[in-house]
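Understanding the architecture of this molecule
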Amino acid sequence: HLAKVYGGKRVLNGAVAGWSLLTVLTPIVAKISLPALLLCRVLLGFSEGMSFPVTYHIFSQWVPKSESSRSVVSLNVGTCTGTVVAFVVSPWLIERTGWESVFYFFGWSGILWCGVWQVYGADKEPPKPEPFNWKLFCELLRPSGLYSIYFCHFSWNMTLYISVMWLPTYLENAYNLDSKETWINSLPYLVMAPSALGWGFVVDRYIAKSESTLWPRKVATMIGFVGGAMGLLSFSRQSNAHAAIFLLCGTFFISALSLSGWEAAKLNALESSQAGMLQGVSNTIANFSGVVGVPLASYVKKMTDSWHAVWIMCAAIWVAAACVYAVGAQEGHGVTNKKVLH
């Protein structure tokens, strides 16, 4: 809504500037008190939470239907690339200059990005002051075909959060991975980035030749999630860390195809002006997966004394997502009082 009223360029710049400044302030605030640190991180999350919905609003203005997959996937490519950079750069910075330098480095990098965006970013349509559309917001929360997107987003994030948080621990516990080889934790995300973009081009090509986006999206989602689930099961049965990482790279390679399905569908599920709010609702629901998934993985590991059980759980979640999208995703656009069609 803010992007509509004030322009996506301005709001995105403010959001990135806000969380970047708060990142820089985090080491300073941490020395003041725990409540101050918690407040700082909450405000950071609030600022960061605006970025994806605003970006989708900008995409909805500029991106034609035939390029929707690669455009949405490019955003996820940036996320994966950032994860790789963080895995590689953070230990190096901490070892040489202390943990505070990680926050300074990434915070000032974000502020530098704001300067670049201010020069090159643009809105295709002028801001349109209007009241918040509560009717649309309520419609997006009612049971509909859009819930298949929400479930896929939740499932994708849940497995991703678990892998980011627990993969280093898993490799150390299961394979006694040498501390000098922790950089291999970043390889699956390094593979995911270009493969996701490549899959986006493939799916867009099929959509350009098809009268409907529904079946290309369904096929991409099902192959990505089911193939990824099979990869997770194989990954957890390997005899050494290098073989496990190789399988996990293959898992993320195939699972990245799903992003050209359920994720890219958000740009065309409703009218273009509604894409930002749809992403906001979906992203809010999906982020609770981090609150649930990370401690749940720890609980499963404790109860079963098996890492394999954790990865079975993740695989089952992805298979469930594929089934939900296959059954729940529907053709159509717009929001009505009776049903939201996808």
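For the structure, check the block above.
Residues numbered from 1 in each chain as written. Predicted model: local features only at pLDDT ≥ 70, side-chain atom pairs only at ≥ 80, totals over all residues. Heavy atoms only, no water.

**Quick notes on the packing of helix H5 (residues 68–97) against helix H6 (residues 100–120)**
In the contact formed by H5 and H6, the axes pass within 8 Å of each other and the chain directions differ by 130°. Compared by their axis directions, H5 and H6 come out oblique. Of the two elements, H5 crosses H6, and the hand of that crossing is right-handed. Counted together, Val 85, Ala 86, Val 89, Ser 90, Leu 93, Ile 94 and Thr 97 of H5 and Ser 101, Val 102, Phe 105 and Phe 106 of H6 form the full contact between these two elements. Along the lines of polarity and charge, the residues of the contact of H5 with H6 split into 8 nonpolar, 3 polar and no charged. (Axes fitted to C-alpha atoms, helices over the stretch in contact; angles between N-to-C directions. Helix = DSSP H or I, 4+ residues; strand = E, 2+ residues; numbered from the N terminus. Parallel < 35°, antiparallel > 145°, perpendicular 65-115°, else oblique. Left-handed = near helix turned anticlockwise from the far one by under 90°. Contact = heavy atoms within 4.5 Å. Nonpolar A, V, L, I, M, F, W, Y, C, P; charged D, E, K, R; others polar.)

**Comments concerning helix H13 (residues 275–304)**
The terminal C-alpha atoms of H13 lie 42 Å apart, and with 30 residues this matches the ideal 44 Å at 1.5 Å per residue to within 8%. When the local axis directions of H13 are compared, the greatest deviation, roughly 25°, occurs at Val 292, which is followed within four positions by the proline Pro 295. Note on H13: the residue one or two positions beyond its end, Asp 305, has a positive phi of about 55°. (Expected span 1.5 Å × (residues − 1). Bend = angle between axes of the 7 residues up to and from the residue.)

**Concerning the layout of surface pockets**
Take a probe with the size of a water molecule and roll it over the atoms, and the empty space left behind shows itself. Within this model, the largest pocket holds a volume of roughly 2,200 Å³. As for the largest pocket, its lining consists of 47 residues, of which Trp 19, Glu 48, Thr 79, Gly 82 and Thr 83 are closest to the centre. For the lining of the largest pocket, the secondary-structure elements that each account for two or more residues are helix H2 (8–30), helix H3 (34–49), helix H4 (51–62), H5, H6, helix H8 (146–175), helix H9 (187–209) and H13. When residues in the lining of the largest pocket are grouped by element, the largest group, 11 residues, is from H5. Looking at the lining of the largest pocket residue by residue, the class counts come to 24 nonpolar, 20 polar and 3 charged. Of the pockets and cavities examined, the second largest pocket occupies roughly 670 Å³. Forming the boundary of the second largest pocket are 25 residues, of which Gly 49, Met 50, Pro 53, Gly 276 and Gly 280 lie nearest the centre. (1 Å grid on protein atoms, 1.4 Å probe; cavity = no way out; pocket = protein on both sides within 12 Å on 5 of 7 lines; lining within 4 Å. Points joined across faces, edges and corners; volume = space filled by probe spheres on them.)

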